[in-house]
Amino acid sequence: MTFRRMAFQIFKANLRRYLLFFLCSSFTIMVFFAFYSLYTNPDFNDPYQVNGMVSGNLYAPFLVMRVFAVLFIVYAQMAFLKFRKSDFGLLMVLGMTSHNIRKIILLENSMIALASILTGLGAGTVFSGLFFFIISLFVDIGNSAFSLTLDSYLYTIKFFGVIYIAVIGIHLLLTLRYNIVRLLQESRTAERSFLHGKFTGVFGVILLGISVFDMIIHYNPDDARMMLINLGVSMVGVYLLLSGLCDWMKLIFLRSTKAYHKHLMFSSDLNYTLGRSKIVLSLITFLVFITVFLSGIIFYITWNAEAIPVKNNPYDIAYSEVFGKNSISPKTLSEITDHGATPLLSHQKLEYIDLFNFKVFLDQNINTLIGSDYHVEKDHFLNLAIVAQGEEWKNQRPEMPTFDLKLSSGKHTLYSQGILFNMVFNPVPNLMNGLHVIVNEEDYMALKAENKNAIGNLQLLNFKDWKKTADIDAKLNSALAKYNKDNTESWYGNERQEALVFSTKSRISEYLQLKESGRFGIFVITFVGLIFFGASCIVLHFSIQTDLEREKIKFGKLNKIGITSKEVAQMIGGPFKVLFFLPYILGIALATVYIISSSRFEMSVALGPFWFCLLVGGAYLLFQVLFYYLYTRIYTRKMLAHIQLLKIPLTEQDSTPIYIEI
Amino acid sequence: MPILEVESLSKEYKGKGKMNVFQALNGINLSVDSGELVAIMGPSGSGKTTLLNILSGIDTEYSGVVRIAGTSISEMSKNELALFRRQRMGFVFQDYNLLDSLTLRENIMVPMVLDDQEVEDINSRTDETLSLFDLGEVKDKYPYMVSGGQQQRAAISRAIINGPEVIFADEPTGNLDSKSSSTVMKTFAKLNALKGATIVMVTHDPFAASYCNRVLFIKDGKMLLEITRENKERRAFFDRILENLAFIGGGEDDL
Ligand SMILES: Nc1ncnc2c1ncn2[C@@H]1O[C@H](COP(=O)(O)OP(=O)(O)O)[C@@H](O)[C@H]1O
Ligand SMILES: [Mg+2]
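Residues numbered from 1 in each chain as written. Chains lettered and ligands numbered in written order. Predicted model: local features only at pLDDT ≥ 70, side-chain atom pairs only at ≥ 80, totals over all residues. Heavy atoms only, no water.

- The name recorded for chain B in an unreviewed UniProt entry is ABC transporter domain-containing protein, from Paenibacillus etheri.
- Chain B has a UniProt comment under Sequence similarities (unreviewed entry) that states "Belongs to the ABC transporter superfamily." (UniProt positions renumbered as here; feature names shortened; annotations may be inferred.)

- Chain A appears in an unreviewed UniProt entry as ABC3 transporter permease C-terminal domain-containing protein from Paenibacillus etheri.
- One UniProt comment on chain A, placed under Subcellular location (unreviewed entry), says "Cell membrane".

### A word on the nonpolar core
Thought 1: One finds F35, F160, L558 and F580 of chain A together with F188 of chain B to be the most contacted residues of the largest nonpolar core, which totals 163 residues.
Thought 2: For this core, the leading source of residues is helix α11 (residues 264-303) of chain A, giving 17 residues.
Thought 3: When neighbours within four sequence positions are excluded, L558 of chain A is seen to be in contact with M265, I563 and M571 of chain A together with L99, V110 and L114 of chain B.
Thought 4: Among the nonpolar cores identified, the runner-up in size contains 31 residues, and V6, L25, L51 and L52 of chain B belong to it. (Core = buried A, V, L, I, M, F, W, Y, C linked by side-chain atoms within 4.5 Å. Buried < 20%, exposed > 50% of the residue type's maximum accessible area, 1.4 Å probe, protein only. Helix = DSSP H or I, 4+ residues; strand = E, 2+ residues; numbered from the N terminus. Contact = heavy atoms within 4.5 Å.)

### Topic: a negative patch on the surface
Thought 1: On the surface, a cluster of negative charge is contributed by D116, E118, E120 and D121 of chain B.
Thought 2: Within the element layout of this structure, D121 of chain B appears in helix α4 (residues 119-132). (Patch = residues over 30% accessible without salt bridge, like charges linked within 9 Å, V, L, I, M, F, W, Y side chains within 5 Å. Areas by Shrake-Rupley, 256 points an atom, 1.4 Å probe, with all protein chains shown as cover. Salt bridge = Lys/Arg side-chain N within 4 Å of Asp/Glu carboxyl O. Lys, Arg positive; Asp, Glu negative; His and termini not counted. Charge placed at Lys NZ, Arg CZ, Asp CG, Glu CD.)

### Overview of the pattern of salt bridges
Thought 1: Using the criterion set out here, one finds 22 salt bridges over all chains in the structure.
Thought 2: In this structure, K554 of chain A engages E551 of chain A in a salt bridge whose closest nitrogen and oxygen atoms are separated by 3.3 Å. A residue pair is termed a helical-turn pair when its members lie 3 or 4 positions apart in one helix, as K554 of chain A and E551 of chain A do in helix α20 (residues 548-561) at three residues.
Thought 3: Of the residues examined, K554 of chain A reaches a relative accessible area of 5% and is grouped as buried.
Thought 4: We note a salt bridge from E5 of chain B to R67 of chain B, for which the minimum N-O separation is 3.5 Å. With a gap of 62 residues between them, E5 of chain B in strand β1 (residues 2-14) and R67 of chain B in strand β4 (residues 63-68) connect regions that are remote in the sequence.
Thought 5: Here E5 of chain B falls in the partly exposed class, since its relative accessible area comes to 22%.
Thought 6: Look at the salt bridges and you will find they share partners, linking R550, E551 and K554 of chain A into a network.

As structure tokens, then:
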């Protein structure tokens with residue numbers, strides 16, 4: 001029998017295992033591809049077509065998706081090779097050299113890798129179209145069209161190619177350590193990794209503490225790197241915690257002989273399960289943590305969609321007349337506002353001078369508008385920061401120390417009198433591309449006299465019910481766009497950009513955008529969450545399957561001593577509960593702690609997301625409970641069937657099927 | 001007083017085809033008294049394991065009657081049988097049947113732990129049996145770390161931990177070298193003599209069988225004959241066993 005034929009026979013005999021492994025890999029590649037092609041779809045990323053808030057919602061999930069793809073493929077590969085290890089032991093007993101084994105590993109795995117990538121890309125091509133279509137049902141994607149770029153294919157191939165090459169390479173290196181005895185014994189002995197002991201667990205907890213502490217101190221929603229580092233640190237922490245857990249459990253059980261006896265089987269099973277499944281449990285913890293954390297935040301934002309536009313926009317609708325732009329007649333305006341769904345309550349104005357990089361306001365005007373009593377001294381000015389966020393943002397906005405007034409009489413330097421954080425008006429687009437300064441009357445008048453055509457007028461409209469202003473806002477925007485087109489010269493030579501810059505800034509449009517991006521976010525995160533849930537189920541299944549033979553033997557032995565079906569069910573359920581629920585509880589707890597710490601323990605801020613986190617976590621836990629019951633039932637049934645069917649187990653040693661035909 | 005009674009016990013293994021029925025046991029009658037040490041011998045495939053599996057309730061598909069201590073096990077459900085087996089029988093296997101993830105000491109206490117017995121009882125009984133079988137030094141080792149003889153002695157300890165009415169052993173010395181094998185047999189003899197334990201043992205090994213009071217020979221699922229040791233020397237009984245094996249055929253060359 002030739003080597004090639006033997007390898008093929010082995011391949012045939014293991015088809016089922018290969019199939020599961022192959023399906024998992026292709027599925028991951030398929031989803032990855034769909035994400036990547038959406039993520040890089042030029043239309044979808046065009047802010048004129050799709051609101052940036054919407055497309056931005058893809059960033060975090062895709063990042064997580066990438067991390068996941070790496071971990072999942074690496075894990076699946078490892079689990080798969082573990083299945084094969086005892087086969088290899090047997091083959092080596094039969095006289096195969098480790099060189100031959102390496103050849104088998106290389107052949108099998110590169111075949112699977114290649115097949116997975118090809119299938120994944122094929123299925124991904126179809127699936128990404130479907131994915132795009134479903135998304136178009138959830139959000140307004142403008143005129144964006146579904147398209148696939150060569151780049152998506154190349155990137156996916158590169159991404160997974162590197163993973164596979166690395167994993168296979170490492171395994172080939174590890175085969176250098178293979179020896180027959182170890183391979184055969186591996187199935188009998190509980191794995192004892194070098195990372196264990198009580199100290200390991202403590203160290204893990206310390207790492208977790210550090211990452212949470214760092215989150216509290218340095219949290220910044222824009223700093224993805226810091227989040228990723230902390231995520232990494234806390235995952236290492238979880239891994240170490242799990243590594244040390246069995247030793248702690250043993251210590252606890254050993255303290256009381258009663259508990260020791262009562263949990264004799266449980267603790268030895270658990271010891272084995274935990275020892276072997278640390279990576280799986282860490283992976284699931286990571287998936288649960290990410291899903292709960294992200295969906296908690298997104299659900300909260302969507303649920304909270306009314307508060308944010310109100311906070312960000314002190315007026316219901318605002319727009320600015322400047323440089324001849326937007327100067328629609330009062331008649332046109334009142335025609336729109338008078339025929340809306342809700343009556344206009346007030347129409348205020350704020351005059352300013354637009355010096356492009358600087359927008360200059362008069363202290364009196366602001367006082368009149370908002371009822372404050374700011375007073376700018378002679379030769380001074382006030383920096384104005386239009387921000388609505390809390391305290392932590394203040395140190396991110398530097399204070400400009402001097403401001404030069406360029407007048408025909410010469411340069412006149414004003415000195416800062418301080419920085420003012422106040423959401424004085426809506427952040428209207430053409431007002432936000434510059435710094436805001438407040439000056440006193442003398443300077444303002446001098447400036448105004450020399451910049452007659454740069455005088456802007458901010459129009460601030462308030463209605464009875466801002467939530468009914470969608471129609472008014474839309475009409476107003478088209479009136480403004482029409483006016484600008486008919487009466488002024490285009491600044492950008494691009495109608496869409498022009499409309500964007502001189503559009504209104506209203507509560508209602510921000511609200512609608514938030515809701516839309518929330519819908520999209522919820523869709524994406526639910527999708528990702530479902531994939532992760534599926535992945536965690538598969539990972540659990542893999543991990544349980546790796547042990548199936550060993551468990552069958554164990555229950556066969558116990559059956560011969562005498563064990564009731566109820567006891568079998570209990571013995572299966574114990575370690576399964578830990579396997580199924582420990583990572584979920586850890587992940588949910590971690591996500592909750594992260595949410596609270598990212599709000600710096602301001603309970604009023606943290607409470608909303610906190611509840612959502614628990615809610616989402618609870619939903620996932622519910623799914624998991626269902627999965628647990630289903631899985632445990634089937635597994636227990638199969639196990640019972642197995643031991644009852646085992647009629648002549650005594651002399652016939654549990655033989656490993658030998659599939660080599662000679 | 002018989003502790004184990006078997007009346008016209010038959011067992012068929014059904015193959016895939018309709019006609020493919022194999023008669024593994026064919027009308028076995030058997031009675032074992034309390035305190036007996038009985039060996040069952042016979043060529044490979046004669047149905048010894050099948051018989052023992054039925055007697056111990058592991059196999060429940062058969063026709064005939066099996067009574068242990070007056071209770072008919074044919075009428076029990078599988079779960080009742082499991083409890084009966086654990087609490088009132090002991091079982092020793094050729095492959096020891098020890099759990100790999102437990103130490104020898106823990107393995108020995110499994111039946112008592114499963115029965116949720118008192119901690120003090122478990123500890124005292126376990127330590128007692130450990131010293132009885134000379135396992136004190138290896139008690140905290142895992143099965144794969146100790147010799148076959150030590151594993152089998154641990155398995156015997158486990159079989160007797162619940163003070164069973166009868167102990168079944170299927171080729172308990174089958175995997176052992178002759179030295180370990182005689183230690184194990186001496187252990188059985190000691191158990192039988194000191195504690196009056198009833199032991200029914202399947203063996204291929206005439207030397208092991210010579211430790212017993214009575215040897216039954218079966219072939220092709222039928223009881224062929226039985227011989228008793230009475231007051232003979234073990235050596236003399238050993239010779240008689242060899243004679244009978246030669247008469248039956250297919251004994252030794254089948255090891
Ligand atoms: N599960 C089974 N299905 C079919 N036939 C079996 C099964 N187990 C054993 N047998 C057959 O029954 C006969 C008796 O087997 P066994 O009791 O194991 O013999 P012994 O233990 O005396 O060597 C053998 O011929 C064997 O092939
Ligand atoms: Mg047998």
